[in-house]
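# Geometric and topological summary
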Amino acid sequence: MSDWRGWLPRAWSLALALLLLGPALGPGLLLTYDMVWVPDLAVRPDVWGVGSGLPRAVPSDAVVAVLDEVVPGMLLQKMVLLGALVAAGLGARRLVPDRSLAAQLVAVTVYQWNPFVAERLAIGHWPVLVGYAVLPWVLLAGRRWRETGALPAALLVLVPLGSLSASAGVATAVALLAAAAGRRRTGPVVLLALAANLPWLVTGALHAADARTDAAGAELFALGPDGVLPPPLAALALGGVWNGEVVLPSRDGAAAWLGLALLVGLAVLGARAWRRRADGRDVVALVVCWAVGLALALLTWAAPGLVAALAEHVPGGGLVRDGSRLLVLCAPLVAVLAGCGAGAVLRRVPERTPRLVLGGVLALLPVTLLPDAALGLSGRLEPTTFPASYAAARDAVDGAGPGDVLALPLSSYRQPSWNHDRKVLDPLGRHLPRDVVASDELVVSDVTVEGEDPRVEEAAAALAAGAPGERAERLAAMGIGVVAVDRLAPGEAPAVAGRVLLDTDELLVVEVAGAQARTVPTSWTVAAAAAWVVWVGLPLAGAAVALRRRRDRSLGNAARA
Amino acid sequence: MGSILSTFGSLAIGGIVASATIVGVVSSQTSPSGESPANVNQPVIQYGSEG
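Residues numbered from 1 in each chain as written. Chains lettered and ligands numbered in written order. Predicted model: local features only at pLDDT ≥ 70, side-chain atom pairs only at ≥ 80, totals over all residues.

So, about the overall build of chain A. Along its length, chain A carries 22 helices and 11 strands. Relative to the globule expectation of 24 Å for 561 residues, the C-alpha radius of gyration of chain A, 25 Å, shows essentially globular dimensions. Structurally, chain A occupies a C-alpha span of about 85 × 60 × 45 Å along its principal axes. Taken across its 561 residues, chain A has 59% of its residues classed as buried. Within chain A, counting contacts between residues at least 6 apart in sequence, those at least 24 apart form 77% of the total. (Helix = DSSP H or I, 4+ residues; strand = E, 2+ residues; numbered from the N terminus. Rg over C-alpha atoms; globule rule 2.2 N^0.38 Å. Buried ≥ 20, exposed ≤ 12 C-beta atoms within 10 Å, placed from the backbone. Contact = placed C-beta atoms within 7 Å.)

Another aspect to go through is the overall build of chain B. Counting secondary structure elements, chain B contains one helix and zero strands. Sorting the 51 residues of chain B into buried and exposed places 14% on the buried side.

In this section: the domain arrangement of chain A. Residues and elements named next belong to chain A. Each assigned domain of chain A is listed here: domain 1 (3-32 + 71-379) and domain 2 (388-511). Centre-to-centre separation of domain 1 and domain 2, based on C-alpha positions: 36 Å. Domain 1 puts nine residues into the contact, and the matching count from domain 2 is 11 residues. The set of elements that each furnish at least two residues to the side of domain 1 that touches domain 2 consists of strand E1 (31-32) and helix H10 (216-220). If you tally residues by element for the side of domain 1 that touches domain 2, the top one is H10, at three residues. Residues that form the side of domain 1 that touches domain 2 fall into these classes: four nonpolar, two polar and three charged. (Domains from an automatic or database assignment. Nonpolar A, V, L, I, M, F, W, Y, C, P; charged D, E, K, R; others polar.)

Our focus in this paragraph is the interface of chain B and chain A. On the chain A side, the residues contacting the 33 residues of chain B number 43 residues. Tallied by class, residues from the side of chain B that touches chain A come to 13 nonpolar, 18 polar and two charged.

On to the sheet that holds strand E10 (residues 499-503) of chain A, then. Residues and elements named next belong to chain A. Taken in spatial order, the five strands line up as E6-E3-E9-E11-E10 in an open sheet, and their pairing is mixed. Of all strands in the sheet, those bounded by a partner on one side alone are strand E6 (436-437) and E10. The pairing of strand E3 (residues 404-408) with E6 spans two bridges and is parallel. Looking across to E6, one finds that Leu406 is bridged to Val437. (Pairing = 2+ DSSP bridges.)

Right, let's talk about the UniProt feature "transmembrane region" (unreviewed entry) in chain A for a bit. Residues and elements named next belong to chain A. Under the present numbering, the feature "transmembrane region" (unreviewed entry) in UniProt falls on residues 123-141, 153-181, 187-208, 254-271, 283-303, 323-344, 356-377 and 524-547. A helix fraction of 91% and a strand fraction of 0% characterise residues 187-208, whose end C-alpha atoms lie 27 Å from each other. With 64% helix and 0% strand, residues 323-344 has its two end C-alpha atoms placed 33 Å apart. (UniProt positions renumbered as here; feature names shortened; annotations may be inferred.)

This part takes up helix H5 (residues 115-123) of chain A. All names here are of chain A. The buried fraction of H5 amounts to nine of the nine residues, a majority that puts the element mostly inside the structure. Those residues of H5 that are buried are in contact with E1, helix H4 (101-112), helix H6 (126-148), helix H15 (331-347) and helix H17 (374-379). Once H5 finishes, Gly124 follows within two positions and takes phi at roughly 85 degrees, a positive value.

Turning next to the pairing of strand E9 (residues 480-486) of chain A. Both faces of the sheet carry side chains from a regular strand, because those side chains alternate between them. Residues and elements named next belong to chain A. For E9, the buried fraction is high: seven of the seven residues fall into the buried class. Of the pairings in the sheet, the one linking E3 to E9 comprises five bridges and is parallel in character. Directly across from Val405, in E9, lies its bridge partner Val482. The sheet contact formed by E9 and strand E11 (residues 507-511) spans five bridges and is antiparallel. Across the sheet, residue Asp486 finds its bridge partner in E11, namely Leu507.

On to the environment of A:Pro427, then. All names here are of chain A. Tracing the backbone through its elements, the reader meets Pro427 in the loop between strand E5 (424-425) and helix H19 (428-431). Among the residues examined, Pro427 registers 20 C-beta atoms within 10 Å and is labelled buried. In this structure, the C-alpha to C-alpha distance between Pro427 and Met35, residues 392 residues apart in sequence, is 9.3 Å. Not counting residues up to four positions away in its chain, the partners in contact with Pro427 are Leu31, Val36, Val38 and Arg414.

Printed below as a string of structure tokens:
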């Protein structure tokens, strides 16, 4: 393949990623729904999963907290988002056995520019997008493992990277099993998948006594329609996020139907060519991933009661309740079939100019049919700068007496004017240098999904006490040393007696006297530390294996010379 | 003759798709996408609403 043919898909992938993110790459931090990045996330107990709440952001928070000691949070966020999108597209390109340029460009566009990517960006599920980017590379490395019989060093980096959240870790594990299990590899494959998911598995188990997943969430977070497409068809088009607020307006029009028809048409045309060219086991791996992802997503839509029972009674069962998140497993096959379909169509066009133009059209069509994903989802992804009060609050909490922070009002989401009136999970807690007790209750379509941190209930009971002094005493007794109030957020923030450390238009920070710092049980520390050592050991081992193999190859070449 | 027709036909289709893409992207940027400010009287900011 000539140089420009090799570089064009890379340039196309980068151009698509830049067009998609647009203003999100400008100065400031992007805060959208669950994506809450701060200038410097503190390395504190809850990022390792030993805070009082369920470890929902393990291991992603720990990775960010450590990396932003080296790279500023703002730059790191942009590197992660841009890098994930480009890596995703280039991975999909490599999966396509049809080496024609058009097939590769179509696969890149379909994988990078679709409702799944747009909706997960809007709702802020960046670890899911990192897992999405890693998925094709895991499938490719799994193939290499089968072919060579030697564990590729890259997998020791890719699998933990694809497991930055629990659901991403499960998807990565399914892909790894589908691509590499068999013969004597099954044991190592299972061990690798377990090791990569160990931080959230272990710290989740430490909280098992308090963990309870509200059954109400199963119905609310199930696979939903994607604009005009009903849920089962939305799933085929890689859409169907539960939250209608993050679905782009273009999904409400004929473009959604046209896009689905074209995607299915290309997939049907490409299936035969793909089966002929691809390795049989690759076919099995991609079809298994697609079937597992689709089946689980459809299950959340067809049988929310069953999913609710799973979430309530089976540890970790709550992982499947966000139905469309599992469609991450369907995307590789969809992109590969679309690419092969485009290649099959173009081979029927004998003349050069029409072939070139048609190839360009097919590569561009996903953008044409989802135009409002461009430029940061039509301006939805707009970075912001935290008010100066947030840095002042961090300093104030740093200098306060012992104890955790209680964030008020006791509600999860904010919609501050300084964030362009866009919704975001309360960012105050992540700005502070200590563990924070904050509401983890979610309200969706006026239905409340109960939270999981028992200390929140305890704090609510303390706040219900009669006078500010009594509230302060009860909060101190449960280990709360500071109360931080977001004054711009709706909801009640009962007064608590104490020394005012900060009082601005946005925030009020009060020190509560007499609190003792919460101690993490030694057994928790030991268990969590062991899990983290294993997790960090994987990429380190990968680097060591790669270096050793490179050295062996160099010595082998020198000996032959 | 057929060759000329298919060449011009494909160029026309390519032009239409390219134009539609540009028009779609530009018009979606000019349509309002902002959210209404939070109402301080509402009890809580909702995580979202079902589609």
